[in-house]
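# Geometric and topological summary
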Amino acid sequence: MSDSLFFTARRPAGPSANVAFTSVSAGVGPISPGAQSVSIYCSVAGFVRVAYGTTQTTATTSDIPVPANVPIVVPVPQRGANDASGADKLWAAARGATITSTGTMYVQPNAD
C-alpha cells in the first residue's frame, strides 16, 4: 500500500487556527515560523492560498481548489528573494467557490 496524506501523522509546528469565510476572501496568520507544510480543511468547497507577505494574503478563484470536508496538505512555498530582511510572514486565506458559500477554514502548521 502506498503512503497517503490521509494516513500520515504530521508533527504540529504551532497552534491551529480557523476563520469563517464567504465568497470574499478571509485569512489567518501569521502562521508559526518553521512550518514545512500546512494542513487545511474547509467546511465548504472553496479556494485556498498559502503565501508569504508583509500583510494578509487573499485567495482568488485561480488558487488551490479545495473540496468540502476533505483535508489537504499544502507545502509551504519558498520565501521570495526580496525577503532578505525576514519581514515576510506566512499567511493562509480561503474563499468560497460560489457567491453564496459560507464556511470555515481550519489550519494546522506542520513541522514536516
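In what follows, the structure referred to is the one given above.
Here the residue numbering is sequential within each chain, running from 1 through the sequence in written order. For a predicted model such as this one, the threshold for reporting local features is a pLDDT of at least 70, and the threshold for listing and counting side-chain atom pairs is 80 or more; totals across whole chains, interfaces and linings nevertheless cover every residue. Here the side-chain values reflect all heavy atoms present in the structure, with hydrogen atoms and water set aside.

### Details of the side chain of S101
Only DSSP runs of H or I with at least four residues qualify as helices, and only runs of E with at least two residues qualify as strands; both kinds are numbered from the N terminus onward. Relative to the assigned elements, S101 resides in the loop between β7 (89-96) and β8 (103-110). Residue class for S101 comes out buried when judged on its relative accessible area of 11%. Under this definition, polar contacts are N or O atom pairs within 3.5 Å; protein pairs additionally need one hydrogen-donor-capable and one acceptor-capable atom, and for neighbouring residues in sequence, both atoms have to be side-chain atoms. One polar contact links the side chain of S101 to the main-chain amide nitrogen of A97, over a distance of 3.4 Å. Residue contacts follow a heavy-atom distance rule, with two residues in contact if any of their heavy atoms lie within 4.5 Å. Filtering out sequence-adjacent residues up to four positions away, S101 remains in contact with F21, T22, S23, V44, A45 and G96. Accessibility here uses a 1.4 Å probe with only protein chains present; expressed as a share of the type maximum, an area under 20% marks a residue as buried, one over 50% as exposed, and anything in between as partly exposed.

### A few points about the environment of S37
Residue placement: S37 occurs in strand β3 (residues 37-42). On the accessibility criterion, S37 (5% relative accessible area) is buried. Counting along the chain gives 40 residues from S37 to P77, while the straight-line C-alpha distance between them is 8.6 Å. With residues up to four places along the chain from it excluded, the contact list for S37 reads R10, V73, V74, P75, V76, Q108, P109, N110 and D112.

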